[in-house]
Amino acid sequence: GDVYTFGGYDIQAIETPGRVQVFEARKQCADGRWLWVRDSLRSMGSQQGRTEVLVVAEDITDIRELSDRLAFQAAHDSLTGLINRRKFEAELVNAIYEAGTLNMSHVLCYLDLDLFKVINDTCGHAAGDELLRQLALLLKGNLRERDTLARLGGDEFAVLLENCSIQDALVVADTFRAEVQRFRFK
């Protein structure tokens, strides 16, 4: 027969005795709070045309939030909040695939800060860290929504300019260079 769904559940599967379905969904409480809930449904059998279903709902909000935080930390630089080298490499692989299959043109820019070691050596690593945070914000403010800025490590940054011509990329790169050159760190 037909398969009916109710709230995302497969009614035909629910009617199969012993079959368990598990779903995770974000649900709003009566007080307005949002929770992540894992629903487990198991058919207890059918009698007189009615199917009895045992439903167990488990609040997994803390688990989902922890998982989301861990995923974010694994993909982002803890100092600047930018994506890290590993995540950037994945973005780059995707861009290469798009360029080959969709005939799109992307540009990769590499930025290395000159004399950054002097800041760390003369002012200390705390000052160097603050400089990197401020420069990350400055550079991020000059990107289009679809572009990707990453901290590769140390004083190295990379920018992936998606769907961008070489001429436009040269303008963006020159803007970055000029912004960094004008930047004054106190």
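This structure is a prediction, so every number in the text was calculated from the model and none was measured. (Residues numbered from 1 in each chain as written. Predicted model: local features only at pLDDT ≥ 70, side-chain atom pairs only at ≥ 80, totals over all residues. Heavy atoms only, no water.)

1. Details of a nonpolar patch on the surface
For clarity, the cut-off: Residues with no salt bridge and a relative accessible area higher than 30% make up the patches, which join like charges within 9 Å and nonpolar side chains (Val, Leu, Ile, Met, Phe, Trp, Tyr) within 5 Å. Each accessible area value is a Shrake-Rupley result obtained with a 1.4 Å probe; residue values ignore everything except the protein chains displayed when judging cover. Should a side-chain nitrogen of Lys or Arg be within 4 Å of a carboxyl oxygen of Asp or Glu, the pair is scored as a salt bridge. Only protein chains enter the accessibility calculation, which uses a 1.4 Å probe. A residue is then buried if its area is under 20% of the maximum for its type, exposed if over 50%, and partly exposed in between.
A cluster of nonpolar residues, Met44, Leu54 and Val56, forms a patch on the protein surface that exposes about 280 Å² of accessible area. Judged by its relative accessible area of 44%, valine 56 falls in the partly exposed class.

2. Here we look at helix H6 (residues 166-182)
Working note: α-helix, 3.6 residues per turn, so residues spaced by three or four point in the same direction. Counted only if it meets this: Elements are defined by DSSP. Helices are runs of H or I of four residues or more, strands are runs of E of two residues or more, and each kind is numbered from the N terminus. In this scheme, a helix's expected span is set at 1.5 Å multiplied by one less than its residue total. Throughout, a contact is declared for two residues whenever any of their heavy atoms are within 4.5 Å.
If you check H6, its first and last C-alpha atoms are 24 Å apart, about what 17 residues at 1.5 Å a residue would give, namely 24 Å. If you check which residues of H6 are buried, you get Ala169, Val172, Phe176, Ala178 and Glu179. The inward-facing, buried residues of H6 contact strand S6 (107-112), helix H5 (125-140) and strand S8 (156-161).

3. Observations concerning the sheet that holds S6
Going by this rule: We treat two strands as partners when DSSP finds at least two bridges between them. Throughout, an axis means a line fitted to C-alpha atoms (over the contacting stretch in the case of helices), and angles, computed between N-to-C directions, take values from 0 to 180 degrees.
One open sheet accounts for three strands, arranged S6-S8-S7; its pairing is antiparallel. Only two strands of the sheet have a single partner each, and these edge strands are S6 and strand S7 (148-153). Direction aside, neighbouring strands of the sheet carry axes that sit 20° apart on average. Alignment of S7 against S8, held across five bridges, turns out to be antiparallel. Paired with alanine 150 across the two strands is alanine 158, which belongs to S8. With respect to the sheet, H5 is in contact with S6, S7 and S8, its orientation differing from that of S7 by roughly 155°.

4. Some words on the packing of H5 against H6
Our working definition: The sense of a crossing depends on the near helix, which, turned anticlockwise from the far helix by less than a right angle, makes the crossing left-handed and, turned clockwise, makes it right-handed. Side-chain classes follow a simple rule in which Ala, Val, Leu, Ile, Met, Phe, Trp, Tyr, Cys and Pro form the nonpolar group, Asp, Glu, Lys and Arg form the charged group, and the remainder, Gly included, forms the polar group.
Remark: H5 packs on H6, axes separated minimally by 10 Å, with the N-to-C direction vectors making an angle of 145°. Note on packing geometry: the crossing formed by H5 with H6 is right-handed. Contacts between H5 and H6 involve Leu135, Leu138 and Leu139 on the former and, on the latter, Phe176, Glu179 and Val180. Class assignment of the residues belonging to the contact of H5 with H6 gives a composition of five nonpolar, no polar and one charged.

5. Looking at the packing of aromatic side chains
To be explicit about the condition: Pairing of aromatic rings covers Phe, Tyr and the six-membered ring of Trp, with a centre-to-centre limit of 6.5 Å; geometry is then stacked below 30 degrees between planes, edge-to-face above 60, and tilted otherwise. Whether a charge lies above a ring is judged from NZ of Lys or CZ of Arg, which has to be within 6 Å of the ring centre and within 35 degrees of the ring normal.
In the structure shown here, the tally under the stated rule is one aromatic pair. Pairing phenylalanine 183 with phenylalanine 185 gives two aromatic rings, centres 6.5 Å apart and planes at 25°, and the pair type is stacked. Above the plane of the ring of tryptophan 36 lies arginine 64, whose end atom (NZ or CZ) is 3.6 Å from the centre.

6. Some remarks on the sheet that holds strand S3 (residues 20-28)
Sheet architecture is open: three strands sit in the order S3-S4-S5, paired in antiparallel fashion. Pairing within the sheet leaves two strands with one partner each, and these edge strands are S3 and strand S5 (50-59). With direction set aside, neighbouring strand axes in the sheet form an average angle of 30°. With nine bridges connecting them, S3 and strand S4 (residues 34-47) associate as antiparallel partners. Looking at the pairing, alanine 25 lines up with valine 37 of S4.

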